[in-house]
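Residue-level listing of the chains:
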Amino acid sequence: MGAKKNRDKNTNAAAAAEGTTEASAEQQGPPPPEPKPPVEVLYCAVCSFPPEYCEFGSSLTKCKEWLQETHPDLFQKYYSDEALQAKIGTLSLEAQSKLEKDVAKKEAKADAKADAALKKKLSSQITIKRIERNKRKHVTAIHGLEAFNIDLKKAAKQFASKFATGASVTKNPQGQDEIVIQGDVSDEVLEMIEEEVGILKGIPADNVEIVEDKKKKPAD
Amino acid sequence: MFKKFSTSTDIAGQTPVKSSVQRSLRAAVLAQWKIEPETLDVIWPKKEGLVHVKCREHISIYTVHGEPIFFQHFDGPIYPTLRVLHKYPYILPLVRIDRGAIRFLLAGAHMMCPGLTSAGGYLPPSEEALAADTPVAIHAEGKEHAVGVGISKMSSEEMRKVNKGVGVETVTYLGDDLWALQTI
Ligand SMILES: [Zn+2]
C-alpha cells in the first residue's frame, strides 16, 4: 500500500516535470493506452431487445407504442414506410408476409398466455402451514409464493434475517417448492405479506390462509 | 446452450475465483478476444472479485457484481455474453445471417450455411478466413447490433464450398434464458 502511494507520487512529480518541458515529453513515447468506450445500446423497455429486433418479439404492438412515446426519432427510423421497405432486404415478399403473419400470431398467443397467467395468479392460493415438530417446536411452511413471481430463495433469505432463524427452500412430498422457516412465525409472515415487506409484493391477502398441521395425539 | 436455463435448477453453486485463477482467465480472454487489456479492465476491473457460477453440464458463467460477463463449456473457448458483445462488438469476428434466418435463430436454431452465404449474409473474405471452432458474433441483415454469439463448425471457406448443413452453432441469442438473466 505504502509503496503504491509513493509510486503515484513519483508519477505525479514526473508529470509535473513533463509539463514544463513539453518538447522533451513528446519524445518519451506514447501516452498510456485509454480503454475504448463501449457502444451505448438502447434496449426496449417492453421486450428487452434492441428496438430493431422488436419486430421478432411477441409484443410488437406494445413495443411500438413505447418507442413512439420515448424515442420518436428512432420510431421514424425503424417504422416509417421507407424503413419498412428497406428492411425487407433480400427477403422475398412472400417470406416477409409470412413473417408478419407469424409475428401477429405469436403476439396473439402471448397475449392469451398473459391473460391466462394473470387469471391463474389471481386465483392461486398461498398457504402458511404451522407444523408441529414436537410439543414445543414448530416449523412454518409457506407454499405458493412462486405464482406471484417471487424469488423463493430471496424470500427465504428475507425471512431468515427478519426472524433471525433458519429458512430454506425445499421440495414438499408433492415435489413442489416451498419455504420452510424454523419456529412458529405464521402470523408474522401473514403480516409481512399484508404490509408488502421487502420482496413480498403484489399478493392479495385474501389468497393467503394459515393452516395448522398438528401431530396426531397418540391414543391412550 | 441457454434455450432453457433456470437459476433454481441449473445452477449448482457460486464461488469467488482465486486471484491466481483470475490471472490465467484474464490471459486466456486477452488471447482469445480482440480486446485491449485496458478495455477488458473496464468490463472486468482487476480489483473486483470475479464469481464463478457453476451450472449443469459443465457450463461455467463468470459474473462481476452479479452480472454475467463471459461463460465457458468445459475448458472450451470463452464466450462473451451478448450484452458485453453489444458494448464491444469488435471483440469477436463477425458473420451475418440473412433476414430469413433471423426468426429461426431467435427460436434457438443453429445457423445453416445458406443463411450465411446468401446475398443478405456475410462471411469474412478468404484473406481473413475464419477457422473452424472459432467463437463469432452473429449479426443479422439490416440490423446494427448482434443477434447472437456462436461458434463456427467449419471454416468460412468450407461453408462457401459445401453450402449445406450447420455452419455456425448458436451458443447464446437474443431472448434466451441467459439474456433474460441480467444478474445472478
Ligand atoms: Zn420491444
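Before reading further, recall that the structure is shown in the block above.
Predicted, not measured: the structure shown is a model, and the values here were computed from it.

(A) The overall build of chain B, seen in detail. When you go through chain B residue by residue, the secondary structure sums to eight helices and ten strands. Residue burial in chain B is summarised as follows: out of 184 residues, 51% are buried. Nonlocal contacts in chain B, meaning residues at least 24 apart in sequence, comprise 58% of its contacts between residues at least 6 apart. Roughly 8,200 Å² of accessible area belongs to chain B as shown, and the carbon and sulfur atoms make up 55% of that amount.

(B) Quick peek at the sheet that holds strand S4 (residues 67-73) of chain B. Residue and element names in this part refer to chain B. Sheet architecture is open: five strands sit in the order S1-S2-S3-S4-S5, paired in antiparallel fashion. Single-partner strands in this sheet number two, and they are strand S1 (11-16) and strand S5 (78-80). When strand polarity is set aside, the average angle formed by the axes of neighbouring strands in this sheet is 25°. Judged from the three bridges that link them, S4 and S5 form a sheet pairing that is antiparallel. Bridge assignment links phenylalanine 70 to a residue of S5, and that residue is proline 80. Along the sheet, helix H2 (residues 19-32) makes contact with strand S2 (50-55), strand S3 (59-64), S4 and S5, crossing S5 at roughly 75°.

(C) Looking closely at the interface of chain A and chain B. Counting residues at the interface gives 27 residues for chain A, matched by 30 residues for chain B. Carbon and sulfur atoms make up 58% of the surface buried where chain A meets chain B, a total of about 2,400 Å² over both sides. At the boundary of chain A and chain B, one finds five salt bridges. We note a salt bridge from lysine 77 of chain A to glutamate 144 of chain B, for which the minimum N-O separation is 3.9 Å. For the pair chain A and chain B, the interface holds twelve residue pairs in polar contact (both at pLDDT 80 or more). Looking at the side of chain A that touches chain B element by element, the count peaks at four residues for helix H6 (residues 93-123) of chain A. Classifying every residue of the side of chain A that touches chain B gives 14 nonpolar, four polar and nine charged.

(D) Region of interest: the packing of helix H3 (residues 60-70) of chain A against helix H4 (residues 72-79) of chain A. Residues and elements named next belong to chain A. Where H3 meets H4, the axes come as close as 5 Å, and the angle between the chain directions of the two elements is 135°. By the angle between their directions, the pair H3 and H4 is classed as oblique. Every residue of H4 that contacts H3 at Leu60, Lys64, Leu67, Gln68, Glu69 and Thr70 is listed here: Pro72, Leu74, Phe75, Tyr78 and Tyr79. Classifying every residue of the contact of H3 with H4 gives seven nonpolar, two polar and two charged.

(E) Broad picture of the sheet that holds strand S6 (residues 94-97) of chain B. Residues and elements named next belong to chain B. As summarised here, the arrangement of the five strands in space is S6-S8-S9-S10-S7, forming an open sheet in which the pairing is mixed. Strands at the two margins of the open sheet, each flanked by one partner only, are S6 and strand S7 (111-112). Note that S6 and strand S8 (residues 135-140) share four bridges and pair parallel. The partner of arginine 96 across the bridge, within S8, is histidine 139.

Scoring rules and cut-offs
- Residues numbered from 1 in each chain as written.
- Chains lettered and ligands numbered in written order.
- Predicted model: local features only at pLDDT ≥ 70, side-chain atom pairs only at ≥ 80, totals over all residues.
- Heavy atoms only, no water.
- Helix = DSSP H or I, 4+ residues; strand = E, 2+ residues; numbered from the N terminus.
- Buried < 20%, exposed > 50% of the residue type's maximum accessible area, 1.4 Å probe, protein only.
- Contact = heavy atoms within 4.5 Å.
- Areas by Shrake-Rupley, 256 points an atom, 1.4 Å probe, with all protein chains shown as cover.
- Pairing = 2+ DSSP bridges.
- Axes fitted to C-alpha atoms, helices over the stretch in contact; angles between N-to-C directions.
- Buried area = accessible area lost by both parts, 1.4 Å probe.
- Salt bridge = Lys/Arg side-chain N within 4 Å of Asp/Glu carboxyl O.
- Polar contact = N/O pair within 3.5 Å; in protein donor to acceptor, adjacent residues only side chain to side chain.
- Nonpolar A, V, L, I, M, F, W, Y, C, P; charged D, E, K, R; others polar.
- Parallel < 35°, antiparallel > 145°, perpendicular 65-115°, else oblique.

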